Amino acid sequence: MPSVSTEAPATAGASAAPSSSPTLLSPGRPGFRRMSFALFAAGVATFALLYSTQALLPAISAGFDVTAGRASWTVSAATGALALFVLPLSALSERFGRRTLMSVSLVIAVAVGLLVPFAPSLEWLVALRAVQGAALAGLPASAMAFLAEEVRPKALVAAIGLFVAGNSVGGMSGRILTGWVAQLWGWRTALAAVGLLAVVCAVVFRVMLPKARNFTPRSLSPRGLARTVSGHLADPLLRRLYAIGALFMTVFGAVYTVIGYRLVEAPFNLPQGIVGSVFLVYLVGTVSSAAAGRLVARLGRRGALYLAVGTTAAGLLLSLADALAAVLLGLVLITAGFFAGHAVASSSVSRTAKTGRAQASALYQSAYYLGSSAGGTLGAVAFHAGGWAATVLLGLLAVLGVVSITLYGTHVARAQAASRPVTARTP
């Protein structure tokens, strides 16, 4: 992973303040804690809503009498729609502001979340989840751009790590809540409980998030947007970061879409509430993503990525055992590796883009959630065809892809460093 400039890059449509500007937030400065708490709450709501059906897939399969592959579309439709809409909504954030777009997106997603429990059929449930995913698309890239504009460069990895930590808490709390509520009152009531949790998070977000101080709006220009996107896609470093995010999320989407099916079957035969509680391992993701900044400082960006990949692969292999303790430890390692890798890759995108930071982050989020959608569907299909071992094989292939990309980036970095004295910005 590259050593990138510590100067705050300019954002298309926004005047990025210099790193010495007193308006930039950093730990210990007024507003930093409120901003961190607000975006943490937004992260909780995003992942709780986005993956609200994931822990309930066995119950949804039984309720609608459908296969795991068909039920998995309640997750894949949401993540796929988010991937498709994140770029156009990030463009709207250039005109109307990050704070406004995040607020509107969260309100719409919460409102749809309160309708989801009443879906009369699987088709309606999938359609509502797609709308919800499209609404949530306004949050991730805008949040990354907001942080990149408002936070000092040296504190950026830590700030994004806290936002990603909110994702992990949302994913954990949503799954645990739905698991126990579903066991007592059914999966529809469980989805309603997630909707109410998201209402609370949305209120906290709106009240706590400070106003942007370094954002300058610009008019919408489809032609300009196309040029910005083309420029990002032409950057080999950004392309590699996008691929890394997609492959990491393919592993994560496959594992957590299928794990519920594995645990409710022999030899484990766990009840729905206990299956939901397994997602307590998300706390490991909270710690590893928040610690990403320290990992980068100690190991460098490439070193942190190698550690994340190795941890994820070890967890996949360990989860093949038929002992519950081994499976749980495997999930811990997969979760820790994924969240650390995601925090490193996403922060690298924010710091690498010299213009159009919101679009750069949006492209990363598109790749990331396309990976989630593909991983969820392919993981379920693999499980149906060959059991848990087939799902693990899919994950290992994705991990191998991350390793290959990072090794290639390391080779390029060394070659460029040997050819000129300037440090190359290659992962």
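A brief look at the structure comes next. (Residues numbered from 1 in each chain as written. Predicted model: local features only at pLDDT ≥ 70, side-chain atom pairs only at ≥ 80, totals over all residues. Heavy atoms only, no water.)

What to know about the nonpolar core
Quick reminder of the rule: Throughout, nonpolar core names a set of buried Ala, Val, Leu, Ile, Met, Phe, Trp, Tyr and Cys residues whose side chains join them through atoms within 4.5 Å. When a residue's accessible area, from a 1.4 Å probe over protein chains only, is under 20% of the maximum for its type it is buried; when over 50% it is exposed; and in between it is partly exposed. Think of it this way: any DSSP run of H or I at least four residues long counts as a helix, any run of E at least two long counts as a strand, and we number them from the N terminus.
Judged by nonpolar contacts, the single largest core of 128 residues is most densely connected at M35, L39, L147, Y256 and Y369. When residues of this core are assigned to their parent elements, the largest contribution, 16 residues, is made by helix α11 (residues 236–264).

Details of the packing of aromatic side chains
Worth spelling out the cut-off: Within 6.5 Å between ring centres, the rings of Phe, Tyr and Trp (the latter by its six-membered ring) count as paired, and their orientation is classed by plane angle as stacked under 30 degrees, edge-to-face over 60, tilted in between.
All told, the structure shown has eleven aromatic pairs when counted by the stated rule. Between F338 and Y368, the ring centres sit 6.2 Å apart and the planes meet at 20°, which makes this aromatic pair stacked. Taken as a pair, F338 in helix α15 (residues 324–352) and Y368 in helix α16 (residues 357–419) lie far apart in primary sequence, 30 residues in all. Here F338 and Y368 have matching classes, each one buried. Chaining the aromatic ring pairs together yields one cluster made of F252, Y256, F279, F338, F339, Y364, Y368 and Y369.

Section: helix α13 (residues 282–290)
The cut-off we apply is this: The contact criterion used is simple: two residues touch if any of their non-hydrogen atoms lie within 4.5 Å.
Every buried residue belonging to α13 is among Y282, G285, T286, S288 and S289, and all of these are buried. Buried residues belonging to α13 abut α1 (32–50), α8 (156–185), α11, α14 (292–318) and α15.

Focus: the environment of Y368
A relative accessible area of 1% means that Y368 is categorised as buried. When the C-alpha atoms of Y368 and G337 are compared, they prove to be 15 Å apart, with 31 residues separating the residues in sequence. If sequence neighbours within four positions are ignored, Y368 has contacts with F47, G245, A246, M249, F338 and H342.

Here we look at a nonpolar patch on the surface
The condition is simple: Note on patches: the residues involved have over 30% relative accessible area and no salt bridge, like charges join within 9 Å, and the nonpolar side chains Val, Leu, Ile, Met, Phe, Trp and Tyr join within 5 Å. The Shrake-Rupley method, run with a 1.4 Å probe, gives the accessible areas here. Residue values count only the displayed protein chains as cover. What makes a salt bridge here is a side-chain nitrogen of Lys or Arg within 4 Å of a carboxyl oxygen of Asp or Glu, nothing more.
Together, L114, L196, V199, V203 and V207 make up an exposed nonpolar region whose accessible area comes to about 420 Å². Top element by residues in the nonpolar patch is helix α9 (residues 187–208). It accounts for four residues. With respect to the helices and strands, the residue L196 is situated in helix α9. Look at L196 and you get exposed, because its relative accessible area is 54%.

Geometry only, nothing functional implied.
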